[in-house]
Protein chains: 2
Amino acid sequence: MNRKRGGPTIKDVAQAAGVSIGTASRVINKKATVRPEIRNAVLSAIDRLNYRPNAVAQSMRRQSTQLVGCIIREINIPALAAFVRATHDVLDQAGYSLVISNSEGIREREIELIDRLGRLQTDGVILGPYSPIDAQFEKVLHDFGGPIVLVDRDKPDWADAVMADHAGSIEAATTRLINLGHRRICLITGRPDLFPAGERVRGYRNAFARAGLPVDEAYVRTTGFLANEGFRHSSSILGGKDAPTAIIAGGIDMLAGVLRAVRVRGLSIPQDISVIGSGESELAELHSPPISIQRWDQAEVGRTAAHLLLRRISGDRTSPPEHVLLPAEFVERGSIGPPRQS
Amino acid sequence: MNRKRGGPTIKDVAQAAGVSIGTASRVINKKATVRPEIRNAVLSAIDRLNYRPNAVAQSMRRQSTQLVGCIIREINIPALAAFVRATHDVLDQAGYSLVISNSEGIREREIELIDRLGRLQTDGVILGPYSPIDAQFEKVLHDFGGPIVLVDRDKPDWADAVMADHAGSIEAATTRLINLGHRRICLITGRPDLFPAGERVRGYRNAFARAGLPVDEAYVRTTGFLANEGFRHSSSILGGKDAPTAIIAGGIDMLAGVLRAVRVRGLSIPQDISVIGSGESELAELHSPPISIQRWDQAEVGRTAAHLLLRRISGDRTSPPEHVLLPAEFVERGSIGPPRQS
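Residues numbered from 1 in each chain as written. Chains lettered and ligands numbered in written order. Predicted model: local features only at pLDDT ≥ 70, side-chain atom pairs only at ≥ 80, totals over all residues. Heavy atoms only, no water.

### What to know about the relation of the copies chain A and chain B
- It takes a turn of 180° to lay chain A on chain B, together with a shift of 0.1 Å along the axis; the resulting RMSD is 0.1 Å. Such a combination of turn and shift is consistent with a two-fold rotation axis.
- Of the interface residues in chain A, 100% have counterparts in chain B that sit at the interface too, so the contact is made through matching surfaces. (Least-squares fit on C-alpha atoms with pLDDT ≥ 70 in both. Contact = heavy atoms within 4.5 Å.)

Structure below.
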């Protein structure tokens with residue numbers, strides 16, 4: 001462990017190539033004004049000396065760190081890993097590295113992380129904040145100073161954003177349950193001021209409205225997206241009177257909790273309870289029976305977010321903010337059926 | 001989107017506080033040699049102007065970027081997300097940000113990424129390379145120039161490393177299958193020159209040796225850790241004659257593929273085939289029946305790796321390399337039973 005930082009400098013390269021430091025620098029920075037034989041001499045010296053240009057020093061010159069920040073609530077969610085992977089791939093292809101930070105959905109953390117990414121001079125940031133977008137939070141985003149792309153958020157409206165059509169797919173899911181005969185359908189999701197939660201509630205209400213049925217608010221649970229909320233709400237509502245005959249886990253992190261609650265009560269899917277999840281996962285696909293889901297392409301969300309950000313980083317700071325709504329669909333599998341006659 | 005980078009400089013702060021730039025700098029860099037009333041004047045000017053010290057410029061001075069690199073094969077694996085999360089949390093607590101890169105297990109990518117992290121002057125790197133550790137790759141690691149911590153790798157031996165006891169837990173799993181009456185037990189894992197694969201094969205062989213049984217090499221499949229290998233080997237071996245009565249998915253990314261192959265053939269677990277996975281997951285826990293696994297604490301791997309790295313970053317470059325072996329256990333669930341009488 002005795003290796004020291006450092007190694008050959010641009011001065012060493014220039015000396016070895018028999019050129020000035022300015023000439024060596026022009027070759028390293030890929031300027032076109034160097035004669036081929038000189039360029040070759042410098043490149044060969046770089047090779048011989050194993051010289052590596054210092055990225056930090058380079059970033060001072062060109063005002064770019066080639067770093068992009070990504071703040072997510074919880075990397076430990078399979079569906080978000082797919083999103084991170086796709087974001088990473090597009091940025092990597094363009095020569096950018098991804099600084100990833102976990103906010104746990106805590107406002108103070110989000111503010112601290114945005115500030116830290118600003119101090120690191122990351123060239124841009126991709127995030128889906130859990131904080132309410134009030135004046136203070138909007139100022140934090142503003143002060144970051146570089147382009148911002150929102151993921152599954154529609155505010156603040158001056159930022160580029162990528163979202164999925166949660167309303168349409170949850171309306172289709174709810175309609176299907178209603179057509180099967182369900183009336184006591186429990187939707188568990190996040191706070192309605194967050195885009196994906198608000199949209200899921202909207203889709204749910206639309207389905208009841210179209211069917212000419214009233215919504216019983218006791219079955220609409222919107223306290224938060226955290227994983228344990230899925231278990232907590234399912235557990236309490238399945239144990240009460242007028243238990244639901246169907247549960248929609250309206251968050252990518254909530255299906256496991258719902259399934260645990262169903263298992264604890266010894267209920268069978270779909271005979272005793274129909275279950276619908278949000279987002280594709282190995283769990284939904286390979287469960288017995290497979291779980292019906294609201295599905296959208298998390299990788300496409302990541303790719304789109306990265307492309308929107310790269311467009312801004314590469315200089316387009318003036319065209320109006322772009323809000324991209326990606327499609328989502330309802331995928332029916334064996335986890336839903338008619339309600340048990342009670 | 002018209003916000004520009006920049007804002008107040010240290011000169012502006014010094015002017016507003018009525019002090020020299022040197023004094024302002026001493027306050028910002030937390031030197032103890034500034035009188036309280038002067039310090040307060042500077043801090044109040046920083047506050048008033050909303051001055052943010054430039055992290056890039058700071059890192060030039062103190063030779064630290066507060067960045068740590070992490071190269072993994074595939075972030076899109078649930079068990080690795082838990083590892084990344086834990087690594088992130090320890091580093092975050094210490095003020096470091098995590099640059100994460102996906103290598104896809106491709107040698108050229110690994111080399112390019114290590115080089116890139118070196119040019120970014122990250123303070124250290126955590127990785128579990130898939131490349132054979134030959135002289136060329138060892139030189140790449142050396143040339144990185146900062147401390148390196150290996151995850152689930154034991155080479156090169158001059159680096160700190162964190163590993164899990166795959167041999168012991170797979171030996172326990174295999175022994176349990178043998179005791180249930182299984183003889184045709186298929187182990188699917190990575191190339192044996194990678195630590196976790198080599199160790200799993202060793203544990204498997206130990207179990208047969210202790211039982212006084214020969215190993216039939218046709219059931220030991222060690223072509224790679226990629227997710228599709230689980231499906232490919234299960235599919236082909238379940239379709240052949242002398243199909244196995246039990247399959248061990250010897251990689252954290254392989255259980256889903258094995259379960260898909262089992263489903264395609266219409267087999268029941270454990271009546272037709274016993275299945276054991278590697279690593280805890282929602283899929284293993286909530287499958288019907290739940291899947292027996294070889295289990296270790298992925299979060300503890302991440303925490304340990306981060307602590308080892310921070311120790312080196314904070315100055316300890318001389319104490320001998322530390323190799324930490326974390327425990328792993330065999331967790332029996334409903335997915336195994338006696339083999340069907342044929």
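### Topic: the pairing of strand E1 (residues 67–72) of chain B
Residues and elements named next belong to chain B.
- Of all 6 residues in E1, 6 are buried, a share of seventy percent or more.
- Residues Leu67, Gly69 and Ile71 point to one face of E1 and Val68, Cys70 and Ile72 to the other, with burial holding for every one of them.
- Of the pairings in the sheet, the one linking E1 to strand E2 (residues 97–102) comprises 6 bridges and is parallel in character. Bridged to Leu67 within E2 is Ser97.
- For the handedness criterion, the β-α-β arrangement of E1, helix H5 (residues 78–93) and E2 is classed as right-handed.
- Both E1 and strand E3 (residues 124–127) contribute to a ladder of 4 bridges, which runs parallel. Looking at E3, one finds that Gly69 is bridged to Val125. (Buried < 20%, exposed > 50% of the residue type's maximum accessible area, 1.4 Å probe, protein only. Helix = DSSP H or I, 4+ residues; strand = E, 2+ residues; numbered from the N terminus. Pairing = 2+ DSSP bridges. Right-handed = clockwise from strand over helix to strand, strands pointing away.)

### What about the sheet that holds strand E8 (residues 246–250) of chain A?
Residues and elements named next belong to chain A.
- Across the sheet, 6 strands lie side by side as E7-E6-E8-E9-E10-E12; this open sheet has mixed pairing. Of all strands in the sheet, those with a lone pairing partner are strand E7 (220–221) and strand E12 (328–331), marking the two edges.
- Where E8 and strand E9 (residues 274–278) come together, 3 bridges link them in parallel fashion. Across the sheet, residue Ile248 finds its bridge partner in E9, namely Ile276.
- Each of strand E6 (185–189), E8, E9, strand E10 (292–296) and E12 touches helix H8 (residues 166–180); the most contacted strand, E12, lies at about 20° to it.
- Where helix H10 (residues 227–239) meets the sheet, it contacts E6, E7 and E8, and its direction lies at approximately 155° from that of E6. (Axes fitted to C-alpha atoms, helices over the stretch in contact; angles between N-to-C directions.)

### With respect to the side chain of Asn102(A)
- For Asn102(A), the location among the structural elements is in strand E2 (residues 97–102).
- A polar contact of 3.5 Å, which involves the side chain of Asn102(A), links it to the side chain of Glu74(A).
- A polar contact of 3.0 Å, which involves the side chain of Asn102(A), links it to the backbone nitrogen of Ile75(A).
- When neighbours within four sequence positions are excluded, Asn102(A) is seen to be in contact with Ile72(A), Arg73(A), Glu74(A), Ile75(A), Arg109(A), Leu113(A), Arg85(B) and His88(B). (Polar contact = N/O pair within 3.5 Å; in protein donor to acceptor, adjacent residues only side chain to side chain.)

### Here we look at the sheet that holds strand E11 (residues 323–326) of chain B
- Across the sheet, which stays open at both edges, the 12 strands sit in the order E11(A)-E5(A)-E4(A)-E3(A)-E1(A)-E2(A)-E2(B)-E1(B)-E3(B)-E4(B)-E5(B)-E11(B) with mixed pairing between neighbours. Of all strands in the sheet, those bounded by a partner on one side alone are strand E11 (323–326) of chain A together with E11 of chain B. Each adjacent strand pair in this sheet contributes to an overall mean axis angle of 20°, direction not counted.

### With respect to the domain arrangement of chain A
- Taken domain by domain, chain A consists of domain 1 (10–53), domain 2 (67–164 + 298–327) and domain 3 (166–296).
- Between the C-alpha centres of domain 1 of chain A and domain 2 of chain A the distance comes to 38 Å. (Domains from an automatic or database assignment.)

### Examining the side chain of Asp92(B)
- Structurally, Asp92(B) is set in helix H5.
- Overall, the relative accessible area of 10% leaves Asp92(B) in the buried class.
- One polar contact links Asp92(B) to Arg109(A), side chain to side chain, over a distance of 2.6 Å.
- In contact with Asp92(B), not counting residues within four places along its chain, are Arg109(A), Leu113(A) and Arg116(A).

### Examining the packing of aromatic side chains
Residue and element names in this part refer to chain A.
- Under the definition given, this model contains 4 aromatic pairs over all chains.
- Ring geometry for Tyr204 against Phe208: centres 4.8 Å apart, planes inclined by 45°, an arrangement best described as tilted. In this pair, Tyr204 and Phe208 both sit in helix H9 (residues 195–210), 4 residues apart, roughly one turn of the helix. The pair formed by Tyr204 and Phe208 is uniform in burial state, with each residue classed as buried.
- One residue, Arg153, lies across the ring of Tyr130, its end atom 4.7 Å from the ring centre. (Phe/Tyr/Trp six-rings, centres within 6.5 Å; stacked < 30°, edge-to-face > 60°. Lys NZ or Arg CZ within 6 Å of the ring centre and 35° of its normal.)

### Quick notes on the layout of surface pockets
- Roughly 1,100 Å³ of internal volume is contained in the largest pocket.
- Lining the largest pocket are 50 residues, and of these Ile77(A), Pro78(A), Ala79(A), Ile77(B) and Pro78(B) sit closest to its centre.
- Those elements that place two or more of their residues in the lining of the largest pocket are helix H5 (78–93), helix H12 (282–286), E10 and helix H13 (298–313) of chain A together with H5, helix H10 (227–239), helix H12 (282–286) and strand E10 (292–296) of chain B. (1 Å grid on protein atoms, 1.4 Å probe; cavity = no way out; pocket = protein on both sides within 12 Å on 5 of 7 lines; lining within 4 Å. Points joined across faces, edges and corners; volume = space filled by probe spheres on them.)

### Digging into the interface of chain A and chain B
- If you look at the interface, chain A gives 69 residues, while chain B gives 69 residues.
- Summed over both partners, the interface of chain A with chain B buries about 6,500 Å², with 50% contributed by carbon and sulfur atoms.
- Between Arg85(B) and Glu74(A) there is a salt bridge, with its nearest N and O atoms 2.3 Å apart.
- Our count for the contact surface shared by chain A and chain B stands at 25 residue pairs in polar contact (both at pLDDT 80 or more). (Buried area = accessible area lost by both parts, 1.4 Å probe. Salt bridge = Lys/Arg side-chain N within 4 Å of Asp/Glu carboxyl O.)

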